[in-house]
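Spelled out, the chains give:
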Amino acid sequence: MAGWSYVDRGLPTDALQIKSMTVTPDPPKPGSPVTLRIDATATRAIEDGAYFDLVVKLGLIKLIERKYDLFAELRGGGAEGLELSCDTSDGKRPMPKGDMVLTAVIGLPREVPRAKFKLQVRAYTVDDDDLAAVDFDVDLSR
């Protein structure tokens, strides 16, 4: 594998159904920001309080294990190195039912090891119901 790939681990009952994802630049490059575009459909409104867990692994070693507040990230008050936006919500109002585009811009440090990483994202509603689930493989070894 050169670059990246993803597997949608979500269920048909999840509140957010992922239609497609694209990454720019493709393949991702250390020292450059990476833009992830997610085209999705919300099967119901997504309320403030929704969150996602991120696990980043290098082989069997967990490098990052962190919980993010989805709406805090949309409002711009979240994690350093991550900018999250949605075309249907600014984080101050619910994400309405229907089609949407989520965009994540991730600052990829120049010092990131040239290796293969596994990322696991599990997202949940404010009521702790499944929102979405995605696994990524990112190959920065080349």
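Coordinates for the structure precede this section.
What counts and what doesn't
Residues numbered from 1 in each chain as written. Predicted model: local features only at pLDDT ≥ 70, side-chain atom pairs only at ≥ 80, totals over all residues. Heavy atoms only, no water. Core = buried A, V, L, I, M, F, W, Y, C linked by side-chain atoms within 4.5 Å. Buried < 20%, exposed > 50% of the residue type's maximum accessible area, 1.4 Å probe, protein only. Helix = DSSP H or I, 4+ residues; strand = E, 2+ residues; numbered from the N terminus. Contact = heavy atoms within 4.5 Å. Patch = residues over 30% accessible without salt bridge, like charges linked within 9 Å, V, L, I, M, F, W, Y side chains within 5 Å. Areas by Shrake-Rupley, 256 points an atom, 1.4 Å probe, with all protein chains shown as cover. Salt bridge = Lys/Arg side-chain N within 4 Å of Asp/Glu carboxyl O. Pairing = 2+ DSSP bridges. Axes fitted to C-alpha atoms, helices over the stretch in contact; angles between N-to-C directions. Lys, Arg positive; Asp, Glu negative; His and termini not counted. Charge placed at Lys NZ, Arg CZ, Asp CG, Glu CD. Phe/Tyr/Trp six-rings, centres within 6.5 Å; stacked < 30°, edge-to-face > 60°. Lys NZ or Arg CZ within 6 Å of the ring centre and 35° of its normal. Polar contact = N/O pair within 3.5 Å; in protein donor to acceptor, adjacent residues only side chain to side chain.

Structural notes on the nonpolar core
- Core analysis: the largest hydrophobic core is formed by 39 residues, its most contacted members being Leu16, Met21, Ile46, Leu70, Met95, Met100 and Leu131.
- Those elements that place two or more of their residues in this core are β2 (16–24), β3 (33–42), β4 (51–58), α1 (70–75), β6 (82–86), β7 (98–107), β8 (116–124) and β9 (130–139).
- Beyond its immediate stretch of four places on either side in the chain, methionine 95 contacts Arg44, Ala45, Ile46, Leu70, Phe71, Leu74, Cys86, Thr88, Ser89, Met100 and Leu102.

Quick word on a nonpolar patch on the surface
- Together, Ile61, Leu63 and Ile64 make up a nonpolar patch on the protein surface, roughly 260 Å² of accessible area in all.
- Structurally, isoleucine 64 is set in strand β5 (residues 61–69).
- By relative accessible area, isoleucine 64 is classed as partly exposed at 33%.

Focus: the sheet that holds β6
- Here we have four strands laid out as an open sheet, ordered β2-β3-β7-β6, and antiparallel in their pairing. One side of each edge strand has no neighbouring strand; the edge strands of this open sheet are β2 and β6. Sheet twist, expressed as the mean angle between neighbouring strand axes with direction ignored, is 15°.
- The sheet contact formed by β3 and β7 spans 10 bridges and is antiparallel. Considered in β7, the bridge of threonine 41 is made with aspartate 99.

Details of a negative patch on the surface
- Taken together, the side chains of Glu47, Asp127, Asp128, Asp129 and Asp130 define an acidic patch exposed on the protein surface.
- Take aspartate 129: it is sitting in the loop between β8 and β9.
- On the basis of relative accessibility, which here comes to 39%, the residue aspartate 129 falls in the partly exposed class.

So, the sheet that holds β9
- Spatially, the five strands line up as an open sheet ordered β1-β9-β8-β4-β5, and their pairing is antiparallel. Of all the strands in the sheet, just β1 (3–8) and β5 have a single pairing partner and so form its edges. Here the average twist between neighbouring strands, direction ignored, is 15°.

Digging into the packing of aromatic side chains
- Overall, the coordinates contain four aromatic pairs when judged by the stated rule.
- Between tryptophan 4 and tyrosine 6, the aromatic rings sit 5.9 Å apart at their centres with planes inclined by 15°, giving stacked as the arrangement.
- For the pair tyrosine 6 and phenylalanine 136, a centre-to-centre distance of 6.4 Å together with 45° between the ring planes defines the contact as tilted. Of this pair, tyrosine 6 sits in strand β1 while phenylalanine 136 sits in strand β9, and the two are 130 residues apart along the sequence.
- Taking relative accessible area as the criterion, phenylalanine 136 reaches 11% and is therefore assigned buried.
- Linked through ring pairs, Trp4, Tyr6 and Phe136 together constitute an aromatic cluster.
- Across the ring face of tyrosine 51, the terminal group of lysine 67 is positioned such that the distance to the ring centre comes to 4.2 Å.

Focus on the side chain of aspartate 39
- With respect to the secondary-structure elements, aspartate 39 resides in strand β3.
- In terms of polar contacts, aspartate 39 uses its side chain to reach the side chain of arginine 37, at 3.0 Å.

Topic: the environment of arginine 9
- Considering the arrangement of structural elements, one finds arginine 9 in the loop between β1 and β2.
- The spatial distance from the C-alpha of arginine 9 to the C-alpha of glutamine 120 is 9.6 Å, given a sequence separation of 111 residues.

Thoughts on the pattern of salt bridges
- Across all of its chains, the model carries seven salt bridges by this definition.
- The partner of arginine 75 in a salt bridge is aspartate 48, with the nearest N and O atoms 3.4 Å apart. With arginine 75 in helix α1 and aspartate 48 in the loop between β3 and β4, this pair connects stretches of sequence that are 27 residues apart.
- Note on arginine 75: relative accessible area 41%, which makes it partly exposed.
- Here the salt bridges share partners, and the residues they tie into one network are Arg9, Arg122 and Asp135.

That is the geometry; function is a separate question.
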